[in-house]
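One letter stands for each residue in the lines below.
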Amino acid sequence: MMSLKLSEISQNYKSGKAVLNNITATFTTGISVITGPNGVGKTTLLRMIAGIIRPSSGTMLWNDQDVFTNYVRYKDILGYLPQELGFYPEMTGREFLMYMAQLKNIPASLCKVRIEEVAEIFKITDVMNYKLECWSIGMKQRMGLAQAILNDPDLIILDEPLVGFDAEDKIYIWHLLSQLSKDRIIILSSNILDDYIQECNNLSLLLNGNIKFTGKIFEFIDIVRDKVWLADVSYEQAEQIKNTYPISIFELFNDRCKVRVICDTAPNIAGVRSVEPRIEDAYTYFVQYNNFAKGESNLLARDK
């Protein structure tokens, strides 16, 4: 079975401050999602996995072989979509993919066939002869995904691949990635946990340069079982609650609000009731509890 193993990977700024701190993780066949707020190091981690930057310390093994010992071979099995992919606007879509095929050392005899295949997969065939400067953001993102799989890689790294798509397109792209992941490792980042992302094989939550959780979605959600409370309150009450407890959902209906409160014990709110946890509740528990540490110290218990 294919595997990518990170062992105590760290990355520091020139000042010595850590961006990533002793990251240890194993990725196998399927889709692994790395989530967390903006600025926590997701892009840095993916750039390291893609071999663009070397870690300050730690090891990274592809099928038990050090990635940087034979990086040329590693690149051959890798497909990568950065958060911002640079395009040559004067190129047509076909010209751009031909250029990328040459960079990826795809044999000339296979280039044209492979280009047409990925164009069809991501539904960009009809615009392949148009210059990229005329393409919409969504179509450019499809092009970015197409070039990432152009060399039929075993390992696909995607940094926020669903940005720029509407809801219907996101579901379509996710379905494609799910099909590709049956015999590949796909690692993608996302700070939005939509319903379809909950179908991933593994979820890792990155906070402050550390992995705070890694595992199945149901395990992530189960962490906040018996810690999620629903209250129907006035808008004024809701505003007060926001300053006291972490809130995962705040829904306004006329002059009333429904709020989902995260707390180890029943909060002091009239009519509050316990409800089944959702993924956004678990995310809120990890991401926001530090902001309420003084008033709700028991929220820290699970992380100690």
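See the structure shown above.
Here the residue numbering is sequential within each chain, running from 1 through the sequence in written order. Where totals are concerned, whole chains, interfaces and linings use all residues; where local detail is concerned, this predicted model gives features only for residues with pLDDT of at least 70, and gives and counts side-chain atom pairs only at 80 or more. Side-chain metrics in this entry use all non-hydrogen atoms of the structure; hydrogen atoms and water are not considered.

Asker: When you look at the overall build of the protein in this model, what are you seeing that I'm missing?
Answerer: Scanning the protein from terminus to terminus reveals nine helices and 14 strands. In terms of overall dimensions, the protein has C-alpha extents of about 70 × 45 × 35 Å along its principal axes. In the protein, buried positions account for 50% of the 304 residues. Should any heavy atoms of two residues lie within 4.5 Å, those residues are considered in contact. Across the protein, every contact between residues at least 6 apart in sequence was considered, and the portion connecting residues at least 24 apart equals 66%. Note on areas: Shrake-Rupley with a 1.4 Å probe; residue coverage comes only from the protein chains shown. Carbon and sulfur atoms form 48% of the exposed surface of the protein, whose accessible area is close to 15,500 Å². Positive charges are assigned to Lys and Arg, negative charges to Asp and Glu, while His and the chain termini are left out of the count. Here the site of a charge means atom NZ of a Lys, CZ of an Arg, CG of an Asp or CD of a Glu. The positive charge centre, built from 32 side chains, and the negative charge centre, built from 37, are 4 Å apart in the protein. Secondary structure elements follow DSSP: runs of H or I of four or more residues count as helices, runs of E of two or more count as strands, with numbering from the N terminus. Burial classes follow relative accessibility: with a 1.4 Å probe on protein chains only, a residue under 20% of its type's maximum area counts as buried, one over 50% as exposed, and anything between as partly exposed.

Asker: Even after reading the chapter, I still don't get the side chain of Lys-170, so can you show me in this structure?
Answerer: By the element assignment, Lys-170 lies in helix H6 (residues 167–180). With near-sequence residues (within four places) excluded, Lys-170 lies in contact with Leu-162, Phe-165, Asp-194 and Tyr-196.

Asker: Explain the pairing of strand S6 (residues 78–81) here, please?
Answerer: For a regular strand, side chains alternate in direction, first toward one face of the sheet and then toward the other. Neither face of S6 is open: one carries Leu-78 and Tyr-80, the other Gly-79 and Leu-81, and all of them are buried. Strand pairing is assigned whenever DSSP identifies at least 2 bridges connecting the two strands. Two elements, S6 and strand S7 (residues 155–159), share four bridges in a ladder whose sense is parallel. By the bridge assignment for S7, Leu-78 is matched with Leu-155.

Asker: In this structure, what is going on with the side chain of Ser-248? I would like to understand it.
Answerer: With respect to the element layout, Ser-248 can be found in strand S12 (residues 247–253). On the basis of relative accessible area, Ser-248 is assigned to the buried category, the value being 17%. A polar contact is formed between the side chain of Ser-248 and the side chain of Asp-281, at a distance of 2.5 Å. With sequence-adjacent residues up to four places away left out, Ser-248 is seen in contact with Arg-260, Ile-262, Glu-280, Asp-281 and Thr-284. Side-chain atoms alone can form a polar contact between residues adjacent in sequence; in general such a contact is a pair of N or O atoms within 3.5 Å, and within protein one must be able to donate a hydrogen while the other accepts it.

Asker: What is the right way to read the nonpolar core from this model?
Answerer: Soluble globular proteins tend to bury their nonpolar side chains together. Formed by 86 residues in total, the largest nonpolar core has its most connected members in Leu-4, Ile-49, Leu-155 and Ile-187. Setting aside its immediate chain neighbours within four residues, Leu-4 contacts Ala-25, Thr-26, Phe-27, Ile-49, Met-60, Leu-61, Trp-62, Val-67, Tyr-74, Leu-155, Ile-185 and Ile-187. By nonpolar core is meant a set of buried Ala, Val, Leu, Ile, Met, Phe, Trp, Tyr and Cys residues that side-chain atoms within 4.5 Å join together. Trp-229, Ala-231, Val-259 and Val-261 belong to the second-largest nonpolar core, a separate cluster that totals 13 residues.

Asker: What am I meant to see in the pattern of salt bridges here?
Answerer: For side chains bearing opposite charge, pairing can occur when the charged atoms are close. A carboxyl oxygen of Asp or Glu within 4 Å of a side-chain nitrogen of Lys or Arg is what we treat as a salt bridge. If you walk through the whole model with that rule in mind, you get 13 salt bridges. Residue Arg-225 is joined to Asp-222 by a salt bridge in which the shortest nitrogen-to-oxygen separation is 2.6 Å. Given the relative accessible area of 40%, Asp-222 is considered partly exposed. By relative accessible area, Arg-225 is classed as partly exposed at 34%.

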